[in-house]
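So the chains spell out like this:
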Amino acid sequence: MCRDSWWKKLSIKIFLPSCLTLFPTLFLSLFLLATTSAEEQENSDLGKIETTSVPGMASSLEKILLKESQDTTLSTKQMQTLPSIGSAQLANAKYVELHPALLLRILMRTPYKVLMAAQSNECNFYALLETNLLETSLPEKNSVIVNLLDQKGKKTTGKLSTEVFIADVYKRKCFKNKEIAKYFTIETIPQLISTFNFKLPKTESECSAIFQEWLESTQTPYLCKISKILSSPSLLLKESNLSRKLATTLSEFQISYINNLCQNLDNQKQFCDNYLSSEYWNKILNGEREYAPLHYRCLEYSKNKNKLSASDYRKCILAFNSHEELCNDLGALNYPALYPRPNCLNISRALSHARLSNSQQDCPGVTNHNGITSAHRLLTHFTKSTFESSPQNCAAIPWLHFFSLITKGKNEKTWNYTLCYFNKIYSKEICYYFFPEGKNKTEVASKDLAANSESNTVAKIIIENLGAVENLKCEILNKKSYRPAMLKFKKGCFLLYNEKNCNGTYCPKEIFWDERNLTQQIKYKTGSLVRYFPTNTEDDQYAISNMIKGALALKEFAVRNITDLRFYFSDNPKNILHGVGCQEDLFPFFFQKTSMNQCHPIPFIADGLFEKNGVAYLVIRSALDDIHSPRILSWNHLYGAIRSYQSIHPQKLWTLYAIK
């Protein structure tokens, strides 16, 4: 009926926990038997208690269980009067075993999930007893009731210290437990944990095997003791010290893994669901999606690591599945964006429906132009462009990318950054367009673009106007680092910025060449870029959206209702939407209105659609959001933000379009 188990060796034929799943009615009856009031138990013998009758086979099993236990149970009063067993008696004992009455108490009072860890072998049961995970409810704490048989065959029932009993058991048979137990101290706990193998499954069958392995492992009782210590609000001094040691020794991955195991010892499905869910994080592990949305979060999570392994990513995903709030700020270091980000669950859910090519990290918090941020993301998506992003150049790259677009389309006059000087030969001012480099030089693969960088444009002007050598290079420096008295600053070109005058992408600079200050001769001039969508007929062709559409030969269609929405998302798996809405309506949690019709336009990209309970939801990446942290908004929510912007637009333009 039930698989062979060490429980059969016990003097009372109680059923192992796995069998109880076959007879829930019987188990309920036994549970009711065990949960009678303390007063009832005080004045009655367990063998005399009548239980609710149960039908069929379960009824027969119940009668057998009670019949065979009638002569072997003890009342609470009897337990209190039992003699203590001395060390001499124990040393001369032929064998010592737990009294059947105590075993029955444990079976009735211990949570089922804990009993699951004892079903495979007897030694696991003793380990659970050692770690105080079994509930005995004995009058005297830290003691057990045992039957002892001496060398002459005389049987004695008495009380014995739990610690002494466990030591005797480990000496006689559970040798592996003895080895593990000796490391379960404040000083040696790190050494113990280092021997545990926290495997992460990839498939259901693999997870089932791992789960069964943990159920049978002699390590599991000790892991669950750790889980109990870490989660218990009130501890003894010794356990409190151990808790602090564990908190500083164990990684978050180990803690979440241990908790997941010990909280689900009776629920394999829940244990596995935490690793095998259909969310985006798990698709990354299965090779279905790229690591990019996880990379920078995981770098921050895995402190002091510059390179991540597959195992590191797995540990991060486990932590993100267990602690959703981690994603609110992880990944933000050096890449600022709208804060807080969505939680891990919502990000994973959004990414599961998203389409935008998003391998490149950006930092919209310092790019300094929302239209440029969205333009860069669209260009990257449709052209599959790649840029090496870093905290030093993440703000400059979107500008560089957009600058490449307008130079190819001969739309330089829409650009708002120029360097000008007075040419004496032609007796007029000559200006060059450049893309700003902020505090650092931006490395560009294209020679054409490199020639238009800020530092190279200054060098070109000095060469043309002042006769400098052809290979002149200009170095960008913090003004505090410039020491004209030092030999290395006597020759060369230096662009000096003041930290206080910088925004995310642009720092006006003082220009020095061979110790000469050229700041008054070479002047920075800035204008204003046109809007993302046109605001009047004059700037129509120079609107960012139209330049992108023209340069990439894209088709654009207005999306005005949910029918259009469904059609364009189903028409082609690469179709995405872009638009502009009022940030106060898109994100009322972050931006509250302080006046009537207040509206700060914010571009966004909508690249995913799903429906739940009859409501349509879109995956949104506004120009303020981290590209790897999309948000989920309902269609009605998004529609309201677009309508608000339309109401203040000079041409009453509708600003939501599908592009393909």
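Above this text is the structure in question.
Since the model is a prediction, treat every value here as computed from it, not as a measurement.

Chemist: Would you mind going over the side chain of S227 with me for this structure?
Modeler: Within the fold, S227 resides in helix α14 (residues 220–231). For S227, the contacting residues outside a window of four places in its chain are I258, N259 and C262.

Chemist: Would you explain the pairing of strand β13 (residues 601–612) in this entry?
Modeler: Taken residue by residue, a regular strand's side chains alternate between the two faces of the sheet. Here β13 lies mainly inside the structure; nine of its 12 residues are buried. Taken together, the six bridges between strand β12 (residues 576–582) and β13 define a ladder with antiparallel strand orientation. Its bridge partner lying in β13, H578 is registered against I605. Of the strand pairs in this sheet, β13 and strand β14 (residues 615–622) are connected by eight bridges, and their pairing is antiparallel. Paired with I605 across the two strands is R621, which belongs to β14. Turn length for the β13-β14 hairpin, with the two strands adjacent in sequence and antiparallel, is two residues, and the turn residue N613 shows positive phi of about 55 degrees.

Chemist: What's the story with the sheet that holds strand β8 (residues 509–513) in this structure? I'm lost.
Modeler: The four strands lie next to each other as β6-β7-β8-β9, forming an open sheet whose pairing is mixed. Strand pairing shows two members of the sheet lacking a second neighbour, β6 (474–478) and β9 (516–517), which therefore form its edges. In this structure, strand β7 (residues 493–497) lies alongside β8, joined through five bridges in antiparallel fashion. Paired with L495 across the strands is I511, a residue of β8.

Chemist: Hey, could you run me through the packing of helix α16 (residues 252–263) against helix α17 (residues 268–276) in this one?
Modeler: The geometry of a pair of packed helices is captured by two quantities: the angle between their axes and the separation between those axes. As a packed pair, α16 and α17 sit with axes 8 Å apart at the nearest point and diverge in direction by 150 degrees. One way to sum up the angle between α16 and α17 is to call them roughly antiparallel. Note on packing geometry: the crossing formed by α16 with α17 is right-handed. Along the contact surface, α16 presents Y257, N260 and L261, while α17 presents Q270, F271, N274 and Y275.

Chemist: Any chance you could explain the state of the cysteines here in plain terms?
Modeler: Linking two cysteines covalently via their sulfur atoms produces the bond known as a disulfide. This structure, assessed with the given rule, holds 10 disulfides. Here C207 is linked by a disulfide to C272, with a sulfur-sulfur distance of 2.0 Å. Given an S-S torsion of about -105 degrees, the disulfide between C207 and C272 has left-handed geometry. Placement of the pair is C207 in helix α13 (residues 204–216) and C272 in helix α17, with a sequence separation of 65 residues. C207 gets classed as buried once you look at its relative accessible area, which sits at 0%.

Chemist: Is there a simple way to explain the sheet that holds strand β10 (residues 523–526) in this structure?
Modeler: In spatial order, the strands read β5-β4-β10; together these three strands make up an open sheet with antiparallel pairing. Sheet topology places β5 (428–433) and β10 at the edges, where each strand pairs with a single neighbour. Taking each pair of neighbouring strands and ignoring which way they run, the sheet shows an average axis angle of 35 degrees. Taken together, the four bridges between strand β4 (residues 417–423) and β10 define a ladder with antiparallel strand orientation. Considered in β10, the bridge of Y417 is made with T526. The sheet contacts of helix α26 (residues 454–466) involve β4, β5 and β10, and relative to β4 the element is tilted by about 10 degrees.

Cut-offs used in this document
Residues numbered from 1 in each chain as written. Predicted model: local features only at pLDDT ≥ 70, side-chain atom pairs only at ≥ 80, totals over all residues. Heavy atoms only, no water. Helix = DSSP H or I, 4+ residues; strand = E, 2+ residues; numbered from the N terminus. Contact = heavy atoms within 4.5 Å. Buried < 20%, exposed > 50% of the residue type's maximum accessible area, 1.4 Å probe, protein only. Pairing = 2+ DSSP bridges. Axes fitted to C-alpha atoms, helices over the stretch in contact; angles between N-to-C directions. Parallel < 35°, antiparallel > 145°, perpendicular 65-115°, else oblique. Left-handed = near helix turned anticlockwise from the far one by under 90°. Disulfide = S-S within 2.5 Å.

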